[in-house]
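Structure at a glance
Each chain is listed here by its residues.
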Amino acid sequence: MSVKPHVLTERGIFRYEQVTYPMEERGLQFGDGVYEVVRLYSGAYVWLQEHLDRLYRSAAAIRLSVPFAPEELSERLEQLRRMNDVREDAILYLQVTRGSFPRSHTFPTENRPNLYAYIQPMARKTDEIAHGVHATLTKDVRWEYCYIKSLNLLPNVLAKQEAAERGAFEAILHRDGIVTEGSSSNIFLVKDETVYTHPATERILNGIVRTRVKQFCGELGIPFIEEAFSVHDLARADELFLTSTTSAITPIVQVDDITIGDGRPGAVTKSLQAAYQKATQPAASNA
């Protein structure tokens, strides 16, 4: 599969090089839009419906109309997958903005949202998932409505860049010493074989993989507690891991100069990784 050969827009499916938007696009000028990233394994969508449900919730939260009804959008995304002949591991990027209008802070009087979606190859992060990653602590300076998957990602970008410059894979964000989530992930702490994570409030994005980890814990008999923990709790953690669409379930083995547990992926994390692997087999993801 070539990278992004066909793109879905509100007007239909076109070749990638045919798709352009004018300068006065509200997503570009105001971040006035929402988005989703969906995993494909071996060419099959993983939990597409859950991602679309969240897309429509995010759109409703900012009073944005999605150009297609949910069922039609799902069908069009499947058509896009077939047209691109996707057979490998990849991601779908899907974005909806309020449209292209002369620049004004207030909403336009017309309802003409823009939508585009494309698929590009993305291999699994096998080394990170198997051996674990390093993270760094960063102050959470984002806005109050992190539950909306909006285009306003500059604080996340700055945090991720800071982590990269410090040789880390992810930035763990905290407000007044309380861990919220990562710059592009949810964060989980394991202590005494119990999984802890920040409650799904407005302060975090309730990740699709996050909700599956909660389900896996129930199926495996692992206590799952939605309770905030502090940066000081990290030093006492037995295990730490992150989840996201692109990173699946990835162990965190070090945070700044703190070694987590014995510095290797732990048993609870490994059992959840196995559950994730089973649930995301192509046959299972199409169920």
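All figures in this text were calculated on a predicted structure; none of them were measured in a lab.

Procedures and definitions
- Residues numbered from 1 in each chain as written.
- Predicted model: local features only at pLDDT ≥ 70, side-chain atom pairs only at ≥ 80, totals over all residues.
- Heavy atoms only, no water.
- Buried < 20%, exposed > 50% of the residue type's maximum accessible area, 1.4 Å probe, protein only.
- Helix = DSSP H or I, 4+ residues; strand = E, 2+ residues; numbered from the N terminus.
- Pairing = 2+ DSSP bridges.
- Polar contact = N/O pair within 3.5 Å; in protein donor to acceptor, adjacent residues only side chain to side chain.
- Phe/Tyr/Trp six-rings, centres within 6.5 Å; stacked < 30°, edge-to-face > 60°.
- Lys NZ or Arg CZ within 6 Å of the ring centre and 35° of its normal.
- Core = buried A, V, L, I, M, F, W, Y, C linked by side-chain atoms within 4.5 Å.
- Contact = heavy atoms within 4.5 Å.
- Salt bridge = Lys/Arg side-chain N within 4 Å of Asp/Glu carboxyl O.

With five of its six residues buried, strand β10 (residues 186–191) lies for the most part within the structure. Where β10 meets strand β13 (residues 239–244), five bridges bridge the pair, whose relative direction is antiparallel. Each bridged residue has a counterpart across the sheet, and for Asn 186 the counterpart in β13 is Thr 243. In this sheet, strand β11 (residues 194–197) lies alongside β10 in antiparallel orientation, the contact comprising four bridges. Note on β11: the bridge partner recorded for Lys 191 is Thr 194.

Time to look at the side chain of Asn 156. Within the element layout of this structure, Asn 156 appears in helix α5 (residues 154–165). Looking at Asn 156, its side chain comes within polar contact range of the main-chain oxygen of Ser 183, at 2.9 Å.

So, on to the packing of aromatic side chains. One pass over the full model with this rule turns up 11 aromatic pairs. Ring centres 6.1 Å apart and planes at 45 degrees place the aromatic pair Tyr 93 and Tyr 116 in the tilted group. Taken together, the residues Tyr 93 in strand β5 (residues 90–97) and Tyr 116 in strand β6 (residues 114–121) connect sequence positions 23 residues apart. Overall, the relative accessible area of 21% leaves Tyr 116 in the partly exposed class. What links up through ring pairs into an aromatic cluster is the set Tyr 21, Tyr 35, Tyr 93, Tyr 116 and Tyr 118. One cation-aromatic arrangement involves Arg 124 over Tyr 41; the distance from NZ or CZ to the ring centre is 3.9 Å.

By size, the foremost hydrophobic cluster in this structure holds 26 residues, and its most contacted members are Leu 73, Leu 77, Leu 92 and Leu 94. Broken down by element, this core gets its largest block of residues, five residues, from helix α2 (residues 48–61). Sequence-distant contacts of Leu 77, defined by excluding residues within four places in its chain, comprise Leu 8, Tyr 45, Leu 48, Leu 52, Leu 92, Leu 94 and Ala 117. Among the nonpolar cores identified, the runner-up in size contains 21 residues, and Val 190, Val 213, Phe 224 and Leu 272 belong to it.

As a further point, take the pattern of salt bridges. Evaluation of the coordinates by the stated rule reveals 25 salt bridges. Among the salt bridges present, the one from Glu 78 reaches Arg 81, with a minimum N-O distance of 2.6 Å. With Glu 78 and Arg 81 both in helix α3 (residues 70–83) and three residues apart, this pair spans about one turn of that helix. The exposure class of Glu 78 is partly exposed, given its relative accessible area of 26%. Among the residues examined, Arg 81 registers a relative accessible area of 18% and is labelled buried. Of the charged contacts in the structure, one is a salt bridge between Glu 170 and Lys 160, with a shortest N-O distance of 3.3 Å. Of this pair, Glu 170 sits in strand β8 (residues 170–175) while Lys 160 sits in helix α5, placing them 10 residues apart in sequence.

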